[in-house]
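Commentary on secondary and tertiary structure
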Protein chains: 2
Amino acid sequence: MKNLHKHNFGAGPCILPEEVLDNAAEAVKNWRPTGLSILEISHRSAAFEEVVKETEKLVRDLLQVPHNYSILFLQGGASLQFCMVAFNFLHNSGKDAVYLDAGYFGQKAIKEALFFGPVNVAASSRGAGYTHIPKEYSISADAAYFHCTSNNTIEGTEMFRFPETEVPVICDMSSDIFSRPIDISQFDLIYAGAQKNTGPAGMTLVIAKNDLLDSVKHPLPSMLDYRVYRDNGSMYNTPPVFAIYAAMLNLQWLKNKGGLKTISLENRAKAQLLYDEIDLNPLFYGAAERYDRSLMNVTFRMHDPGREADFLAFAEQNGMVGIKGYRTVGGFRASLYNALPYESVRELVNCMKVYAEKYHRPAILV
Amino acid sequence: MKNLHKHNFGAGPCILPEEVLDNAAEAVKNWRPTGLSILEISHRSAAFEEVVKETEKLVRDLLQVPHNYSILFLQGGASLQFCMVAFNFLHNSGKDAVYLDAGYFGQKAIKEALFFGPVNVAASSRGAGYTHIPKEYSISADAAYFHCTSNNTIEGTEMFRFPETEVPVICDMSSDIFSRPIDISQFDLIYAGAQKNTGPAGMTLVIAKNDLLDSVKHPLPSMLDYRVYRDNGSMYNTPPVFAIYAAMLNLQWLKNKGGLKTISLENRAKAQLLYDEIDLNPLFYGAAERYDRSLMNVTFRMHDPGREADFLAFAEQNGMVGIKGYRTVGGFRASLYNALPYESVRELVNCMKVYAEKYHRPAILV
């Protein structure tokens, strides 16, 4: 049993549902279909092949992935995807790739892409401290692809609309996939490190249009070639067995809960509760522009930065975990991933209210 | 509690010690230092940084790794190492790499290396079905490096001596690392997929001489650059948290057991028990040449191949798991990794004895 007095707002690896943790722990001891631990079974066993199929099916059903897309399980997180995307689709293409520069991870993606070919930055909000998503830009019709980050985990901004373009759209969806319904057909390739709403760290999900994969004509190292994963059912080599199994449990939990529509409503309610407090509380303000606010990662600050360390200590004493902002942004960040209960947000909001009351008490009474 | 009637001879992911599984399961429910699950803690938390340090220290102590070597934790298994080794040390070197072709995985390593530069095969046992390790060969003094596989998991051969050469020696030690003491100073880089004696699948161990890493002068994608892992304490991006934690538990178990000298004696005793039966039992014979027999993966066949399916069924009925040989080798393979009890080998040997008695019963009495 987890400590019930902790409210885990960590940005990832992040909170997972209690029943997922219980079932994962049970499988580490004894995974019933095999009589062995999930950690010591062969990835070639029929039982585990079933896990991979079921996880793929859950991804397909939850996100309504069209049949002309493949679902792949890899390792290395979004960071390895920064490299693989460009190695597969920019390298030797004779074209430029177009990147939207809207946050820390988008910039890292650009850095890795430059190893393989020229990059055009369609637009950047860097000068504004990445507090918003750039919206006015065009994408050249002869670009290799357009790359964006749907949710900026560090800065707390999120894209709710994606550009319409003739070139392939590639999206890093690490921190908001499975948080709300999305139209997969808007994208040609989506990738996501698992350690937010998908499952624990150690697995990377890729959803790719087969046409895009088949358009690659140059040879690639096997482990960096999406087609190798597709053609081998994500089992070209030993996959991260436990991470895939835990992701399956987590996606089953999501499905049983009602899927993306249900979770989307819950996520909206949690975000609204917290943003309302940020806007109403005299001590705090939101770090991101209002119209681009992330529903997953709520970034906020105090008008008096000198109070931030004190409020952090106060919140931590009251069981809040992982609300310290990223060092480049400062302030606070509360991540409201799927498994975070509404109750946890209420507790955080309560901390903010109590703290504000304390702070606003007339000095004479202190 | 695991099923005690199963004897897990799987080639990897493989058997792990009961206490490691129990402690890993407990941490999935509630990891005491944090009051959270190990699956939902930040990899930047002080508690997890301690895990990485402790795992590194265990590797260093158990293998007596000299101070001028770095210990790195990556993802992607040996298969990604096939690519990284050549990308780091062959690409742009103007030199050839020398590979020993002694098995299925060595050949895969060659295939990936060819993407980055020319490869000389020092010697090959392919024509002999990889039933032995080639021994007579020379390594050009101007090679980029020499690459070998210390244990051929599929074919059941193992290298107990490594060539002396002036060029860097790089070794895939996936399936025999931590099975016996080795002299790390013989090597410049060692890599190993975790899912044998290190821990569960999902983590890759690299032990690299700093001089070799520092000799690389060309730019590399971050996630394929060993120096990026070294310079960021294996935390350039989110590492496979649970796989590292479980590896730590497993290496602690090994240390508490007495370390590599102790386990080496146990492993020798298990292998001898099984090889003796293979040599004495009239129905079976060893698949690999006697002087190159692996202590980790024992490959054997039946003189009458038509009996193999029947023996397999008989052994499985008696609780043997994972003894079917790899499809390219056929017959049987019993993997005797560290956590496999002597008792399990005795049970397998017993199956072989009982089966032989049954088979040898005079036909008239059947």
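Residues numbered from 1 in each chain as written. Chains lettered and ligands numbered in written order. Predicted model: local features only at pLDDT ≥ 70, side-chain atom pairs only at ≥ 80, totals over all residues. Heavy atoms only, no water.

Chain A appears in an unreviewed UniProt entry as Phosphoserine aminotransferase from Mucilaginibacter gotjawali. We quote the UniProt Subunit (unreviewed entry) comment for chain A here in full: "Homodimer." On record in UniProt, under Subcellular location (unreviewed entry), the comment for chain A is "Cytoplasm". (UniProt positions renumbered as here; feature names shortened; annotations may be inferred.)

Next up on the list: the domain arrangement of chain A. All names here are of chain A. Taken domain by domain, chain A consists of domain 1 (18-257) and domain 2 (258-365). Inter-centroid distance (C-alpha atoms) of domain 1 to domain 2 is 28 Å. With 29 residues of domain 1 at the contact, the number on the domain 2 side is 29 residues. Surface buried jointly by domain 1 and domain 2 totals about 2300 Å² across both partners, of which 56% is contributed by carbon and sulfur atoms. Sorting the residues of domain 1 by area buried against domain 2 places I154, G156 and K257 first, and these three jointly supply 23% of that buried surface. Summed over the shared surface of domain 1 and domain 2, the number is 2 salt bridges. The closest approach of N and O atoms between E266 and K257, which form a salt bridge, is 3.2 Å. Broken down by secondary-structure element, the contributors of at least two residues to the side of domain 1 that touches domain 2 are α2 (46-63), β6 (151-152), β7 (157-158) and α7 (241-257). At 5 residues, the largest contribution of residues to the side of domain 1 that touches domain 2 is made by α7. Broken down by class, the residue content of the side of domain 1 that touches domain 2 amounts to 10 nonpolar, 11 polar and 8 charged. (Domains from an automatic or database assignment. Contact = heavy atoms within 4.5 Å. Buried area = accessible area lost by both parts, 1.4 Å probe. Salt bridge = Lys/Arg side-chain N within 4 Å of Asp/Glu carboxyl O. Helix = DSSP H or I, 4+ residues; strand = E, 2+ residues; numbered from the N terminus. Nonpolar A, V, L, I, M, F, W, Y, C, P; charged D, E, K, R; others polar.)

Taking the UniProt record as the reference, the feature "binding site: pyridoxal 5'-phosphate" (unreviewed entry) is found at A78(A), S79(A), F105(A), T153(A), D172(A), Q195(A), N237(A) and T238(A). The annotated residues occupy 161 residues of the chain and do not converge on a single region, their most distant C-alpha atoms lying 30.6 Å apart. Narrowing the list just given to those that line the second largest pocket leaves A78(A), S79(A), F105(A), T153(A), D172(A) and Q195(A). Here S79(A) shows up in helix α3 (residues 77-89). If we ignore the near neighbours within four places in the chain, the residues touching S79(A) are M223(B), Y236(B) and N237(B). Residue placement: Q195(A) occurs in the loop between β9 (189-193) and β10 (204-209). (1 Å grid on protein atoms, 1.4 Å probe; cavity = no way out; pocket = protein on both sides within 12 Å on 5 of 7 lines; lining within 4 Å.)

Our focus in this paragraph is the packing of aromatic side chains. Two aromatic rings are characterised by how far apart their centres lie and by the angle between their planes. Tallied over the full model, the rule gives 39 aromatic pairs over all chains. Every member of this aromatic cluster is reached through a ring pair, and the members are F87(A), F115(A), F116(A), F87(B), F115(B) and F116(B). Above the ring of Y236(A), the side-chain terminus of K108(B) is found at 4.1 Å from the ring centroid. (Phe/Tyr/Trp six-rings, centres within 6.5 Å; stacked < 30°, edge-to-face > 60°. Lys NZ or Arg CZ within 6 Å of the ring centre and 35° of its normal.)

A few words on the interface of chain A and chain B. Each side of the interface is counted separately: chain A has 56 residues, and chain B has 56 residues. Viewed at the interface, chain B and chain A are joined by 1 salt bridge. In this structure, D22(A) engages K29(B) in a salt bridge whose closest nitrogen and oxygen atoms are separated by 4.0 Å. There are 16 residue pairs in polar contact (both at pLDDT 80 or more) connecting chain A and chain B. (Polar contact = N/O pair within 3.5 Å; in protein donor to acceptor, adjacent residues only side chain to side chain.)

On to the sheet that holds β9(A). Residues and elements named next belong to chain A. Strand order in this open sheet of 7 strands is β2-β10-β9-β8-β5-β3-β4, and the pairing throughout is mixed. For this open sheet the edge positions go to β2 (69-74) and β4 (119-124), each flanked by a neighbour on one side alone. The average angle at which neighbouring strand axes cross in this sheet is 15 degrees, direction not considered. In terms of strand pairing, strand β8 (residues 169-172) meets β9 through 3 bridges, oriented parallel. Bridged to C171 within β9 is I190. Packing of α3 onto the sheet brings it into contact with β2, β3 (97-101), β5 (145-149), β8, β9 and β10, and relative to β9 it is tilted by some 155 degrees. Relative to β3, helix α4 (residues 104-113) is tilted by about 155 degrees, and along the sheet it contacts β3, β4 and β5. (Pairing = 2+ DSSP bridges. Axes fitted to C-alpha atoms, helices over the stretch in contact; angles between N-to-C directions.)

The subject of this paragraph is the environment of F105(A). Residues and elements named next belong to chain A. Looking at the element boundaries, F105 is found in helix α4. In the structure, F105 is positioned 46 residues away from N151 in sequence and 9.6 Å away in space, judged by C-alpha atoms. Once residues within four sequence positions are removed from consideration, F105 is found in contact with F82 and I154.

Here we take up the pairing of β4(A). All names here are of chain A. Bridge analysis of β3 against β4 gives 5 bridges, and the strand direction is parallel. Residue pairing for β4: Y99 is matched across the bridge by V121. Traced from β3 through α4 to β4, the parallel crossover comes out right-handed. (Right-handed = clockwise from strand over helix to strand, strands pointing away.)

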